[in-house]
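# Chain and residue survey
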Amino acid sequence: MSQSVLSEIIGQPTGKSVVTVERGHLATFAGAVKDASPVYRDPRAATEAGLAGIPAPPTYPFVMENFGVFPELQPSDAPTGNAMVSVLGPLMAKGGLILHGEQEFTYHRPIFAGDVLEGEGKVVDAYQKESKGKTMTFVVVETVWTDQATGDPVCTSRMNIIHRI
Amino acid sequence: MAPGTLYVEDVAEGDEAPVRSHVLTRTDLVAYAGASGDYNPMHHDEVIATASGQPSVFGHGMFSMGLLGSALTDYVGVGNVRRFQVRFAKQTWPSEKLETKIVVTGTRNEAGEHLVDLDVRLHNADGEEKVVGQATAVLASRS
């Protein structure tokens, strides 16, 4: 895959989705990351901690699309192609390994149970490097989450995926 | 600001957050697979993982970041994190003792808020670094 092909996908969308944030799932997820804090389980504890609701653990935005995406909530103008899949698909067909290289979250406010959030992703960087006889392809995807009700920014997630062959 | 949160007056460069320590089990990986929706078999299916040349199943990178995130919010308070970034350096393995190390690298004022910058890491008992990154959180003030 040439550098020009990779350059072409920079700025391309990776999808648009609307997610609902559910209390039961937040408690389950907190348990899975070994966090026993009552703020994830008891609204009284959350209020006592000065929070406006049951909050999400910091890494929750990475997984919320796997659960809260229900069909009737989805935008009709959601792009059908996914630039990341169109680059990684052909690479993976040749074998090799997909690695999660880096992850970054920027938070504008906490995420709470009951939120309905709209996410829009795009490829923000794509490049290739040769290292120790291996070809490494890097794709960086940024997803911006906003509160559907207010349009205010909530969280930005930046994921760096590496294909190594 | 939540009770039990961190006050700018009490924070200095070099301060360390309480360490969180956890011995990774295969059950943790199954629980994280279910809670995250990441069913990559390398994290829960020993047969597939070993057939692919891995010594065993291994941990999700995002489990490591999640464990580190729990130590981070224990220290700065849930809802106060502004930025959390990591690089996944090494795989984690069942039976490894994973420990967090969170160190204050500085405090600053920005747009009328007190912020703390932190170096955040997760390592095993031999000191091998699994996850290395940085975080920023907002601090309360007594004044």
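Overview of the structure. (Residues numbered from 1 in each chain as written. Chains lettered and ligands numbered in written order. Predicted model: local features only at pLDDT ≥ 70, side-chain atom pairs only at ≥ 80, totals over all residues. Heavy atoms only, no water.)

Each packed pair of helices is defined by two parameters, the angle between the axes and the distance between the axes. Interaxial distance between helix α2 (residues 23–32) of chain A and helix α1 (residues 26–36) of chain B falls to 9 Å at its minimum, and their mutual angle equals 150 degrees. One way to sum up the angle between α2(A) and α1(B) is to call them roughly antiparallel. In this structure, the crossing between α2(A) and α1(B) has a hand that is left-handed. On α1(B), the residues touching His25(A), Thr28(A), Phe29(A) and Ala32(A) of α2(A) are Ala31(B), Tyr32(B) and Ala35(B). Among the residues making up the contact of α2(A) with α1(B), the classes are represented as five nonpolar, two polar and no charged. (Axes fitted to C-alpha atoms, helices over the stretch in contact; angles between N-to-C directions. Helix = DSSP H or I, 4+ residues; strand = E, 2+ residues; numbered from the N terminus. Parallel < 35°, antiparallel > 145°, perpendicular 65-115°, else oblique. Left-handed = near helix turned anticlockwise from the far one by under 90°. Contact = heavy atoms within 4.5 Å. Nonpolar A, V, L, I, M, F, W, Y, C, P; charged D, E, K, R; others polar.)

Time to look at the sheet that holds strand β1 (residues 13–20) of chain A. Strand-to-strand pairing in sheets goes through backbone hydrogen bonds, with the strands running parallel or antiparallel. In spatial order, the strands read β1(A)-β3(A)-β4(A)-β5(A)-β2(A)-β2(B)-β5(B)-β4(B)-β3(B)-β1(B); together these ten strands make up an open sheet with antiparallel pairing. Both outer strands of the open sheet, β1 of chain A together with β1 (21–23) of chain B, are each paired with one neighbouring strand and no more. When strand polarity is set aside, the average angle formed by the axes of neighbouring strands in this sheet is 20 degrees. Two elements, strand β2 (residues 97–107) of chain A and strand β2 (residues 81–88) of chain B, share five bridges in a ladder whose sense is antiparallel. For Gln103(A), the partnering residue across the bridge sits in β2(B) and is Val86(B). On the sheet, helix α4 (residues 83–93) of chain A packs against β1, β2, β3 (116–131), β4 (134–147) and β5 (153–164) of chain A and is oriented at approximately 15 degrees with respect to β5(A). (Pairing = 2+ DSSP bridges.)

Moving on, we come to the packing of aromatic side chains. What describes a pair of aromatic rings is the distance from one ring centre to the other and the angle between the planes of the rings. Considering all chains together, one arrives at six aromatic pairs over all chains under this definition. With 5.5 Å between their ring centres and 75 degrees between their planes, Phe29(A) and Tyr60(A) make a pair best called edge-to-face. One end of the pair, Phe29(A), is in helix α2; the other, Tyr60(A), is in the loop between α3 (43–48) and α4, with 31 residues separating them in the sequence. By relative accessible area, which is 0% here, Phe29(A) ends up buried. Judged by its relative accessible area of 1%, Tyr60(A) is buried. Each ring, one from Phe105(A) and one from Tyr107(A), has its centre 6.0 Å from the other, and the planes form 25 degrees; the classification is stacked. The exposure classification of Phe105(A) matches that of Tyr107(A), with both residues buried. Here the aromatic cluster, defined as three or more aromatic residues joined through ring pairs, consists of Phe29(A), Tyr60(A), Tyr32(B) and Phe63(B). (Phe/Tyr/Trp six-rings, centres within 6.5 Å; stacked < 30°, edge-to-face > 60°. Buried < 20%, exposed > 50% of the residue type's maximum accessible area, 1.4 Å probe, protein only.)

Each side of the interface is counted separately: chain B has 29 residues, and chain A has 29 residues. Where chain B abuts chain A, roughly 2,400 Å² becomes buried across the two surfaces, and 61% of that area is made up of carbon and sulfur atoms. Its largest share of buried area at the contact with chain A, chain B owes to Ala35(B), Met62(B) and Val78(B), together 22% of the area lost on that side. Across the contact surface, chain B and chain A share two salt bridges. Taking the shortest distance from any N to any O, the salt bridge between Glu104(A) and Arg83(B) comes out at 2.8 Å. (Buried area = accessible area lost by both parts, 1.4 Å probe. Salt bridge = Lys/Arg side-chain N within 4 Å of Asp/Glu carboxyl O.)

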